[in-house]
Amino acid sequence: MAEEDRMVKMEVDYSETVATVVPECETLAANGKLNEALEKLFLLEKQTRMAGDAISNSNVLVCVVGCCYKADDWPLLKENLTTLSKKRGHFKLAVTKMVQRACEMVPEVTDKAKKLELIEILRKVTEGKIYVENERARITKTLAEIYEKDDELDKAAKILQELQVETFGSMEKKEKVEFILEQMRLCYQTKDYIRTSIISKKISTKYFDSKDTDELKMRYYRQMIDLNLHHKDYLAVSKNYHEIYTTPAVKENDAQWKEALQRVVIFLILSEYDNEQRDMLARVKADSNLSKIPYYQNVLTCFDTAELLNWSILKEVYSSHLKSKAGQATTPLDTEDNWEVLRKRVVEHNIRVIAKYYTRISLSHFASLLHLELKEAEDMLCKQVVKGTVTAKIDRLDGIVNFTKPRDT
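Residues numbered from 1 in each chain as written. Predicted model: local features only at pLDDT ≥ 70, side-chain atom pairs only at ≥ 80, totals over all residues. Heavy atoms only, no water.

Chemist: Sorry if this is basic, but what is going on with the sheet that holds strand β1 (residues 360–362) here?
Modeler: Strands belonging to one sheet form pairs held by backbone hydrogen bonds; the direction of such a pair is parallel or antiparallel. An order of β1-β3-β2 is seen for the three strands of this open sheet, with the pairing classed as antiparallel. Two strands lie at the open edges of the sheet, namely β1 and β2 (393–395), each paired on one side alone. With direction set aside, neighbouring strand axes in the sheet form an average angle of 25°. Direction of pairing for β2 relative to strand β3 (residues 400–402): antiparallel, over a ladder of three bridges. Along β3, the bridge assignment pairs Lys393 with Asn402. The sheet strands contacting helix α19 (residues 363–370) are β1, β2 and β3, and the helix crosses β1 at an angle near 85°. (Pairing = 2+ DSSP bridges. Helix = DSSP H or I, 4+ residues; strand = E, 2+ residues; numbered from the N terminus. Axes fitted to C-alpha atoms, helices over the stretch in contact; angles between N-to-C directions. Contact = heavy atoms within 4.5 Å.)

See below:
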């Protein structure tokens, strides 16, 4: 067992002495007699430490750094923070209180150079000490904020990644989530998408079932939306918006829940067809609130009905309603890229419908039903076969598509 972890029985109570000496030393320091004040405090620090009086020792250490700070003697402040944290037989409580007092000074320092010096010395003092891990995390976050303001995002992201706050036993869950969200945000801004995804898994979404977590839940899922949009994982984006939609604070606001549900629908129809997408579509379609946004309900029904869709008509009917209007927030379908994705989803839907009703069909008729050129129609069919969405064989000599499934041998 390390010497600093041993239990020490208090032999002498110095609380009355400390209560008398500390104010005297503060007065001496205020009158420009800092060295005289520190001599008295160092003597008292040794006495309280040797006597095992941890509380009194804490008060002395706090007074030492406080006097140096008020006297604006930065060399002495840095020196004492370092030496007092390394004293033989020091108390964890005393070091913790001293570090906490020094951390309180950081926001008060207006000079940037001095602030950075104080932060760096605090990071060195707290390095490797579990009992001040929270203070180290908070001061590191402050340093990251300074770097970010200076447009040094890479340095801010790197320094914040050093903190494995999910392992901190003494930190509250809410603060842990806030730290991890900051790590995610900075990694995303530095375009480190893989690390952003890894860090996001450190947050258990079950935490958002607790009370008073709506704000953090919204921040988390909006960051996940940005990440999933980068990966073009539209189904994941739809699910993220659904989580926002089900948030109590959003449910209470008509404009917010309608906007969230609209995006759930849009990204759902932009998603590739599979069992997971079908399950999500059924859940959303069963939501009674969907009837309050009829155009979105109708377009969702189109993709849930085994009927051929005409892309030109669908775009003409719904484009004015699915795009944003003047004064409104932008929608995913404000971009032509997403309209092109939607066109492909319409074609894929039509291929599944044709496969359901036909066993054999000529390539030319197949292409006409899809409103595509022969080559594009063949390419789209091949992609669906590769994905396993439909089973088909193309006889190019006869120009026939056969949708009959092969018999088991």
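Chemist: I keep staring at the packing of aromatic side chains and nothing clicks. Help me out?
Modeler: Given two aromatic rings, their pairing is described by the distance between the two centres and the angle made by the two planes. Across all of its chains, the model carries twelve aromatic pairs by this definition. When the centroid spacing of 5.4 Å and the interplanar angle of 65° are considered together, the rings of Tyr188 and Tyr193 count as edge-to-face. Judged by its relative accessible area of 28%, Tyr188 falls in the partly exposed class. Residue placement shows Lys141 over the ring face of Phe179; its charged tip is 5.1 Å from the ring centre. (Phe/Tyr/Trp six-rings, centres within 6.5 Å; stacked < 30°, edge-to-face > 60°. Buried < 20%, exposed > 50% of the residue type's maximum accessible area, 1.4 Å probe, protein only. Lys NZ or Arg CZ within 6 Å of the ring centre and 35° of its normal.)

Chemist: Looking at this model, I keep getting lost on the pattern of salt bridges. Mind explaining?
Modeler: Taken as a whole and assessed by the stated rule, the structure comprises 25 salt bridges. Residues Lys217 and Glu243 are paired through a salt bridge, measuring 3.9 Å at the closest nitrogen-oxygen approach. Of this pair, Lys217 sits in helix α11 (residues 214–230) while Glu243 is found in helix α12 (residues 234–245), placing the two residues 26 residues apart along the sequence. Lys217 sits in the buried class, given a relative accessible area of 8%. Close ionic contact of Arg278 with Asp304 constitutes a salt bridge, the shortest N to O distance being 2.9 Å. Here Arg278, found in helix α15 (residues 275–285), pairs with Asp304, found in the loop between α16 (294–303) and α17 (311–322); they are 26 residues apart in sequence, far enough to count as distant. Classification of Arg278 as partly exposed rests on a relative accessible area of 32%. For Asp304, a relative accessible area of 25% gives the class partly exposed. Members of the salt-bridge network, linked through shared partners, are Glu148, Glu182, Arg185 and Arg219. (Salt bridge = Lys/Arg side-chain N within 4 Å of Asp/Glu carboxyl O.)

Chemist: Sorry if this is basic, but what is going on with helix α2 (residues 34–50) here?
Modeler: Given a rise of 1.5 Å per residue, 17 residues ought to cover 24 Å, and the 24 Å separating the end C-alpha atoms of α2 matches this to within 8%. All of the buried residues in α2 are Leu34, Ala37, Leu38, Leu41, Leu44, Glu45, Thr48 and Arg49. Taken end-on, α2 shows its buried residues confined to a sector of 130°, consistent with a single buried face. Facing away from the buried side of α2, by more than 90 degrees, are the exposed residues Asn35, Glu39, Leu43 and Met50. Looking at the packing, one finds that the buried side of α2 touches α1 (15–30), α3 (54–70) and α4 (74–85). At the C-terminal side of α2, Gly52 shows a positive phi close to 80°. (Expected span 1.5 Å × (residues − 1). Arc of directions from axis to C-beta.)

Chemist: Help me understand the side chain of His242, please; the structure alone is not making it clear to me.
Modeler: With respect to the secondary-structure elements, His242 resides in helix α12. What makes His242 buried here is its relative accessible area of 14%.

Chemist: I tried to follow the packing of helix α8 (residues 153–161) against helix α9 (residues 173–189) on my own but got confused; where do I start?
Modeler: Relative orientation of the contacting elements α8 and α9 amounts to 145°, with a least axis distance of 9 Å. Viewed along their axes, α8 and α9 form a crossing whose handedness is left-handed. Of α9, the residues touching α8 (which contributes Leu153, Ala156, Ala157, Leu160 and Gln161) are Glu182, Gln183, Leu186, Cys187 and Gln189. Class assignment of the residues belonging to the contact of α8 with α9 gives a composition of six nonpolar, three polar and one charged. (Left-handed = near helix turned anticlockwise from the far one by under 90°. Nonpolar A, V, L, I, M, F, W, Y, C, P; charged D, E, K, R; others polar.)

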